[in-house]
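Next come the chains, spelled out residue by residue.
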Amino acid sequence: MKVLVLIVAAFVAVNAQTAEQKEKVKHHVKLCSEKVGIPEDEGQNLVYKVITDNKESYQCFAKCFLEQSGFIDATGNFQRDVIFNKLSIALGGTEDAEVVTNLNELIDTCTKLTGSGECGTAFEVQNCYWRKIHGH
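All of these numbers come straight from a predicted model, not from anything done at the bench.

Enquirer: Describe in detail helix H2 (residues 19-36), supporting the description with residues and values.
Expert: Over its 18 residues, H2 runs 26 Å from end to end, which matches the ideal 26 Å to within 8%, given 1.5 Å per residue. Listed in full, the buried residues belonging to H2 are Val-25, His-28, Val-29, Cys-32 and Ser-33. The arc enclosing the buried residues of H2, seen along the axis, measures out at 125°, which places them on a common side. Opposite its buried face, H2 presents the exposed residues Ala-19, Glu-20, Glu-34 and Lys-35, each directed more than 90 degrees away. Contact partners of the buried residues in H2: helix H3 (40-45) and helix H4 (56-68). Count one or two residues on from H2 and you reach Gly-37, which has phi positive near 80°.

Right under this line is the structure:
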C-alpha cells in the first residue's frame, strides 16, 4: 500500500506542477546541463526517472539539480526539512498521515545512501527516490 500511495502521489505531483514550478525546473535543467556539458534535452530526460547510465556527467547533473532545488546545501549536505516541505507541498500537503509517514520513510532511506563522491551520492539518492516511487 505504501508504494501505491507514493506512486499515485508522485504522478499527481509531476502532473500538478504550477507554471512557476515548471519554469524553475526548466531553468535548473538548463543551468545544470550547461554546467556538466550535456545537451539540455538530455538533461530534461534525467529529471523524472531512474537514471540507469551512471556516467559522471549524469551523476553531476543530479547533484547540480538537487542543489538548485535546495535539497542539498553548498557543502553537500541533504536538507531534510527542505526536501520534506517541497515534496509534501508537491504531494498535496500533510493532511494524509499515510503520505507523511511514507514520505518520511522515503527521505530517511534515500538520504542515507552514498556514492563515489558528492556527485555519486546525489545520483544514488535521486535514483533511490524514483525507484521507490515507481517500485523498481
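Enquirer: Break down the environment of Gly-117 for me, citing the residues and quoting the values.
Expert: Of note, Gly-117 is situated in helix H7 (residues 117-134). Put simply, Gly-117 and Cys-60 are 57 residues apart on the chain and 9.8 Å apart in space, counted from C-alpha to C-alpha.

Enquirer: So, the packing of H2 against H4: which residues are in play, and what are the values?
Expert: It is the contact of H2 with H4, at a shortest axis distance of 9 Å, that shows an interaxial angle of 140°. Taken together, the axes of H2 and H4 are oblique relative to one another. Read as a crossing pair, H2 and H4 show a hand that is right-handed. Contacts between H2 and H4 involve Val-25, His-28, Val-29, Leu-31, Cys-32, Ser-33, Lys-35 and Val-36 on the former and, on the latter, Ser-57, Cys-60, Phe-61, Cys-64, Phe-65, Glu-67 and Gln-68. Residues belonging to the contact of H2 with H4 are distributed by class as follows: 9 nonpolar, 4 polar and 2 charged.

Enquirer: Describe the state of the cysteines, listing the residues and the values that go with them.
Expert: As enumerated under the stated definition, the model contains 3 disulfides in all. One disulfide in the model links Cys-32 with Cys-64; its S-S distance is 2.1 Å. One quick way to see it: the torsion about the S-S bond of Cys-32 and Cys-64 is about -80°, and its sign makes the bridge left-handed. Here the residue Cys-32 occupies a position in helix H2, and Cys-64 occupies one in helix H4, the gap between them amounting to 32 residues. A relative accessible area of 0% places Cys-32 in the buried class. Put simply, Cys-110 and Cys-128 are joined by a disulfide, and their sulfur atoms are 2.1 Å apart.

Enquirer: Summarise the pattern of salt bridges; cite the residues concerned and give the values.
Expert: In this structure the tally under the stated criterion is 6 salt bridges. Residue Lys-63 is joined to Glu-67 by a salt bridge in which the shortest nitrogen-to-oxygen separation is 2.6 Å. Of the two residues, Lys-63 and Glu-67 are both situated in helix H4; the distance of 4 residues between them amounts to about one turn of the helix. Assigned by exposure class, Lys-63 and Glu-67 land together as buried. As a salt-bridge pair, Glu-118 and Lys-63 come within 3.4 Å of each other at their nearest N and O atoms. Here Glu-118 is found in helix H7, whereas its partner Lys-63 is found in helix H4, with 55 residues between them in sequence. For Glu-118, a relative accessible area of 45% translates into the label partly exposed. The class for Lys-63 is buried, based on a relative accessible area of 14%.

Conventions adopted
- Residues numbered from 1 in each chain as written.
- Predicted model: local features only at pLDDT ≥ 70, side-chain atom pairs only at ≥ 80, totals over all residues.
- Heavy atoms only, no water.
- Helix = DSSP H or I, 4+ residues; strand = E, 2+ residues; numbered from the N terminus.
- Expected span 1.5 Å × (residues − 1).
- Buried < 20%, exposed > 50% of the residue type's maximum accessible area, 1.4 Å probe, protein only.
- Arc of directions from axis to C-beta.
- Contact = heavy atoms within 4.5 Å.
- Axes fitted to C-alpha atoms, helices over the stretch in contact; angles between N-to-C directions.
- Parallel < 35°, antiparallel > 145°, perpendicular 65-115°, else oblique.
- Left-handed = near helix turned anticlockwise from the far one by under 90°.
- Nonpolar A, V, L, I, M, F, W, Y, C, P; charged D, E, K, R; others polar.
- Disulfide = S-S within 2.5 Å.
- Salt bridge = Lys/Arg side-chain N within 4 Å of Asp/Glu carboxyl O.

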